[in-house]
Amino acid sequence: MPPAPDFPLLCPVCRTSLRSSDAGAPTLQCGAGHSFDAAKQGYFNFLVGKGTVFEADSADMVAARFDFLSARHYQPLADAVAEVALPALAASPGGRPTVLDAGTGTGHYLRTLLDRFDQDRAESEGADPERPPAGSVSAAAIGLDISKFALRRAARMNPEALNVAGDVWQPLPVQDNAVDFVTVVFAPRNAPEFARVLRPGGRLVVVTPRPGHLAEIAGQTGMLGIEPAKDERLAASLGTHFAPVGTRDLDLALSLSPRDVTNLALMGPAGHHLDRSALAALEAGLPPRTAVSARFRISVFEPVPAS
């Protein structure tokens, strides 16, 4: 677990700076005396005050996502997000860039981004990408999620990151103008807060599904459909806080086992209401391989300067 001074954190109670406690234990403390101990699984719980209306992913939903992403079915998406991030991280004026992964889940996408950043920096310094030179500085990373089950996985996946249980719809526990890159992969978007924490020139990347995404299995597995006019809804959700920079569409042709199919159904929003026994029965009747099309849109935005 990294030391808190490396991260631009705010106390979720009083909004003053957080630092590591001198007690030696993994504890964060602000000047007003509010303190937060790390869970034994390696994350900090910043869920304070009024409860959220956002439903956290359950243990079996998170397990399904971990297994599916660990099988690398969506690895090209993770690579594409990392590719978008590299220019923004390289342009960081502070020397050590900071990434906020909002809705980090199991941490797979952040893991790829951090690895790509380290490899890219090593290559630019003429070092072996597989063995960065001693003293080389990686990006500072904050992983935020509301699910404790997801954060347990994320803390193991990204031990160098600061993994935090928090509600994206509440004020983020991050200082103003402190982040170079915000990633939102199939997660809620709090435009005012993302704009507040991003530095001028920083970037927000949002990954959303496109029409036809997982169409071959969506109906039979009970997945939620793609909302009409999703791009317009995305633009409206970002309001006056962000301006579009560019988009990239990514299509993947997947060949999935029966367990992959049910993991894919269970790991998404539909997992909150799917009948587990019906899903198991569906899995038993599926062919050995199912061809599925995944269709993503990667949208990049920059913060609009305050008038």
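Attention in this report is confined to the structure presented alongside it. (Residues numbered from 1 in each chain as written. Predicted model: local features only at pLDDT ≥ 70, side-chain atom pairs only at ≥ 80, totals over all residues. Heavy atoms only, no water.)

### Here's the deal with the sheet that holds strand β5 (residues 98–102)
To keep it simple, the criterion reads: Any two strands between which DSSP finds at least two bridges are classified as paired. Strands are runs of DSSP state E lasting at least 2 residues, helices are runs of H or I lasting at least 4, and numbering of each runs from the N terminus.
Strand order in the open sheet made by the 8 strands is β4-β7-β6-β5-β8-β9-β11-β10, with mixed pairing throughout. Only two strands of the sheet have a single partner each, and these edge strands are β4 (44–45) and β10 (242–256). In this sheet, strand β7 (residues 162–165) lies alongside β4 in parallel orientation, the contact comprising 2 bridges. The residue of β7 that forms the bridge with N45 is A165.

### Remarks on the environment of A155
Under the convention used in this document: The contact criterion used throughout is that any non-hydrogen atoms of two residues lie within 4.5 Å.
Relative to the assigned elements, A155 resides in helix α4 (residues 148–157). Along the backbone, A155 and G107 are 48 residues apart, and their C-alpha atoms lie at a distance of 7.7 Å. Not counting chain neighbours up to four residues away, the residues in contact with A155 comprise Q41, G42 and N163.

### Looking at helix α8 (residues 258–267)
This is how the line gets drawn: The classification of residues rests on relative accessible area computed with a 1.4 Å probe and restricted to protein chains. Under 20% of the type maximum is buried, over 50% is exposed, and intermediate values are partly exposed.
Burial of α8 is extensive: 9 of the 10 residues sit out of reach of the surface. Those residues of α8 that sit buried are P258, D260, V261, T262, N263, L264, A265, L266 and M267. Buried residues along α8 sit against α1 (59–70), α6 (215–221), β10, α9 (276–285) and β11 (290–303).

### Thoughts on the pattern of salt bridges
Operational definition: What counts as a salt bridge is simple: a side-chain nitrogen of Lys or Arg found within 4 Å of a carboxyl oxygen of Asp or Glu.
Throughout the structure, instances matching the rule amount to 13 salt bridges. D176 is the partner of R196 in a salt bridge, and the nearest nitrogen-oxygen pair spans 2.6 Å. Of this pair, R196 sits in helix α5 (residues 191–197) while D176 sits in the loop between β7 and β8 (179–185), and the two are 20 residues apart along the sequence. You can call R196 buried: its relative accessible area is 18%. A residue is classified by how much of its surface remains accessible, and D176, at 48% relative accessible area, is partly exposed. Note that E302 is salt-bridged to R203, the shortest N-O span being 3.5 Å. Linking E302 in strand β11 with R203 in strand β9 (residues 198–209), this pair joins segments that are 99 residues apart in sequence.

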